[in-house]
Amino acid sequence: MGLSDEIRQEDSSDLLRLRRERDSAVHLAANLKEQLELAHRALTVIDATTNAVLEPPAWLSPEKPKQKSATVIAMLSDTHFDEVVQPQEVDGLNAYNREIAVLRLEAWSQNLIKMTRHYLAGIKYDGCVLMLGGDMFSGDIHEELSETNADTLLSSLLFWSEQIAAVVGLLAEEFGKVHVPVVVGNHGRTTRKPRMKLRAKTNYDWLLGKMVERHFAKDRRVTFLIPEGSDAFFDVYGHGQLLTHGDQAHGGGGIGGIYPPIMRLRARKAQRYLATGQNFSTLWMGHWHQYLPSPSLVVNGSLKGLDEYAFINNFGHEVPQQAMAIVTPEHGITVQAPIFSMNRKKEGW
C-alpha cells in the first residue's frame, strides 16, 4: 500500500467518525427539542388554568331525612371524560360522550347520597372521603383518541373541573366534611410514553385536582391530598388506606384474570409501606374497569363503561359503577356497595 493509499484510508476513517459524531449530535438535538416542547406544553397548560374561575353547576339533592354515626369512602376514577363511544361499534352495549358523562356523574352523586341516606339509614356520618383515582380524562396519547375526543384537553379540563367541583360541593353539603385524595392515571399524561420522574405534575389528573383544590381554598369543610408521587396514603379512624391508580400491575390475561398481578402489587406495596411505618388496611385502585370489592383490596369500575378497545379484545362487559364503602372505628370497612350511574333511557340511546 502506497503513501497516498494510507492517506486516503485515514481520510475515510476520519470522515466516518465525523459522520457518526454528526448523527449523534443530531439525535441529541432532536431529543432536547422534544423535551423543550413537552416542558413548554406543560407550562402553557398551567398558565392557561392558573386564573381560571370555576362555575360549578348547582345540582339538586334528595330531600334530607333524619339520620342517626362512620365515614363514607367513595371512589371516582376511570371516568375518561370526553371520550366518545359509539353504540354501533360495541353491539349497542354502551354509549358515551360529554352529555352522557354529565348525566352519569350526576346520577352517581345522587345514588351515593341515596345509598347513605336511605339504604344505610340510621348512621351519623362524620364526613366523606372522595378519592379521585386517575384516568379522569382519556387524553390524546393515542391518535384515535385525538381524532374522536369530544374536545381538546385544555377545554375538557376547564369544563370537567367545574363538574367535579359541583360534586365536592354537593358532598360537603351532605356530609359536612370532605377529604379529597388525588392520584394520576396513565391516560391523562402529557407525554406519549409513561414516565417515572415528574409523573404527577405532567398529568392532567393532577392539574384537575389542583384546580378544584383552588376553588375550595377558603372552604374549611373541604381538604385535599394531592401528592406528587403515584400513591396517596391517608388514615380513617386508625385504619390506613392507600390509593393508587393500578397501572403498576401488569398481566391479567391468563386463567386467573387480573387477580395475580393486583395481588402481587398489593403485597409489594404492603411490604414497602410497612417498612416505613405506614401500614394500610385497604388498597384502592382503578385502571382495570372491573368492580372487585374486598376488605383488603378494592378495584374500581368505570364511569365510561364498555368501549371499543375492551370489546375488540373480548373483555368482560360491566355496567358503569363505582366503589363505595362505610368505615367504622371498630372494624374499618364494614359495608361495601357499588354505586351505579347509567340510565339508558335518560341517556337516550
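Everything below is about the structure shown above.
Remarks on the overall build of the chain
Step number 1: Helix and strand counts for the chain stand at eight helices and 10 strands.
Step number 2: By the burial criterion, 47% of the 349 residues in the chain qualify as buried.
Step number 3: Summed over its atoms, the accessible surface of the chain is roughly 18000 Å², and 54% of this surface lies on carbon and sulfur atoms.

Focus on the nonpolar core
Step number 1: By size, the foremost hydrophobic cluster in this structure holds 55 residues, and its most contacted members are Phe81, Trp108 and Ile164.
Step number 2: Sequence-distant contacts of Trp108, that is, excluding residues within four places in its chain, are made with Ala74, Met75, Leu76, Leu130, Val167, Leu303, Gln322, Ile339, Phe340 and Ser341.
Step number 3: Judged by nonpolar contacts, the second largest core, of 16 residues, contains Met75, Met131, Val183 and Val327.

Some points on the side chain of Glu347
Step number 1: Note that Glu347 resides in helix α8 (residues 344-347).
Step number 2: Of note is the side chain of Glu347, whose polar atom sits 2.7 Å from the side chain of Trp349.

Looking at the pattern of salt bridges
Step number 1: For the structure shown, the criterion picks out 13 salt bridges.
Step number 2: A salt bridge links Arg117 to Glu174, with the shortest nitrogen-to-oxygen separation between them at 2.5 Å. Taken together, the residues span a long stretch of sequence, with Arg117 in helix α2 (residues 98-119) and Glu174 in helix α4 (residues 153-175) at a distance of 57 residues.
Step number 3: Judged by relative accessible area, Arg117 falls into the buried class, the value being 5%.
Step number 4: Overall, Glu174 belongs to the buried group, its relative accessible area being 7%.
Step number 5: Measuring nitrogen to oxygen at the nearest pair gives 3.0 Å for the salt bridge that ties Arg272 to Asp231.

Let's talk about the sheet that holds strand β6 (residues 239-244)
Step number 1: What the four strands build is an open sheet, ordered β5-β6-β7-β8; its pairing is mixed. Two strands bound the open sheet, and with one partner strand each, they are β5 (231-236) and β8 (297-299). Adjacent strand axes in the sheet meet at a mean angle of 20 degrees, parallel and antiparallel pairs treated alike.
Step number 2: Taken together, the three bridges between strand β7 (residues 282-285) and β8 define a ladder with parallel strand orientation. Its bridge partner being in β8, Trp284 is matched across the sheet by Val298.
Step number 3: Sheet contacts for helix α6 (residues 259-275): β5, β6, β7 and β8; angle to β7, the most-contacted strand, approximately 125 degrees.

Here's the deal with the sheet that holds strand β1 (residues 71-76)
Step number 1: Spatial strand order, β4-β3-β2-β1-β9-β10: six strands in an open sheet with mixed pairing. Each edge of the sheet is formed by a strand with only one pairing partner; in this case those strands are β4 (222-225) and β10 (332-340). Strand-to-strand twist of the sheet, defined as the mean angle between neighbouring strand axes without regard to direction, takes the value 20 degrees.
Step number 2: The pairing of β1 with strand β2 (residues 127-132) spans six bridges and is classified as parallel. When the bridges of β2 are listed, Val72 appears paired with Cys128.

Re the pairing of β10
On a regular strand, one side chain projects to one face of the sheet and the next to the other, so that they alternate.
Step number 1: Pairing analysis gives eight bridges linking strand β9 (residues 321-328) to β10, with the strands arranged antiparallel. The residue bridging Ala325 from the neighbouring strand is Gln336, located in β10.
Step number 2: Where β9 hands over to β10, the hairpin turn is made up of three residues, counted between the paired strands.

Some thoughts on helix α5 (residues 204-215)
Step number 1: Look at α5: 17 Å from first C-alpha to last across 12 residues, which is about the 16 Å you get at 1.5 Å a residue.
Step number 2: In this structure Asn203 caps α5, since a side-chain oxygen of it lies 2.8 Å from the backbone nitrogen of Asp205.

Concerning α6
Side chains that are three or four residues apart share a direction in an α-helix, a result of its 3.6 residues per turn.
Step number 1: The end-to-end C-alpha separation of α6 is 24 Å, in line with the 24 Å expected for 17 residues at 1.5 Å each.
Step number 2: The elements touched by buried residues of α6 are β5, β6, β7 and β8.

Topic: the pairing of β5
Step number 1: Examined bridge by bridge, β5 and β6 share six bridges and lie antiparallel to one another. Bridging across to β6, Phe234 finds its partner in Gln241.

Some words on the packing of aromatic side chains
Step number 1: Tallied over the full model, the rule gives seven aromatic pairs.
Step number 2: An angle of 0 degrees between the planes, with centres 3.8 Å apart, marks the rings of Phe81 and Trp160 as stacked. Here Phe81 is found in the loop between β1 and α2, whereas its partner Trp160 is found in helix α4, with 79 residues between them in sequence. Comparing Phe81 with Trp160, the two get one shared label, buried.
Step number 3: Aromatic pair Phe233 and Tyr273: ring centres 6.1 Å apart, planes at 15 degrees, arrangement stacked. With Phe233 in strand β5 and Tyr273 in helix α6, this residue pair connects regions lying 40 residues apart in the sequence.
Step number 4: One cation-aromatic arrangement involves Arg98 over Phe159; the distance from NZ or CZ to the ring centre is 4.1 Å.

So, how was this worked out
- Residues numbered from 1 in each chain as written.
- Predicted model: local features only at pLDDT ≥ 70, side-chain atom pairs only at ≥ 80, totals over all residues.
- Heavy atoms only, no water.
- Helix = DSSP H or I, 4+ residues; strand = E, 2+ residues; numbered from the N terminus.
- Buried < 20%, exposed > 50% of the residue type's maximum accessible area, 1.4 Å probe, protein only.
- Areas by Shrake-Rupley, 256 points an atom, 1.4 Å probe, with all protein chains shown as cover.
- Core = buried A, V, L, I, M, F, W, Y, C linked by side-chain atoms within 4.5 Å.
- Contact = heavy atoms within 4.5 Å.
- Polar contact = N/O pair within 3.5 Å; in protein donor to acceptor, adjacent residues only side chain to side chain.
- Salt bridge = Lys/Arg side-chain N within 4 Å of Asp/Glu carboxyl O.
- Pairing = 2+ DSSP bridges.
- Axes fitted to C-alpha atoms, helices over the stretch in contact; angles between N-to-C directions.
- Expected span 1.5 Å × (residues − 1).
- Phe/Tyr/Trp six-rings, centres within 6.5 Å; stacked < 30°, edge-to-face > 60°.
- Lys NZ or Arg CZ within 6 Å of the ring centre and 35° of its normal.

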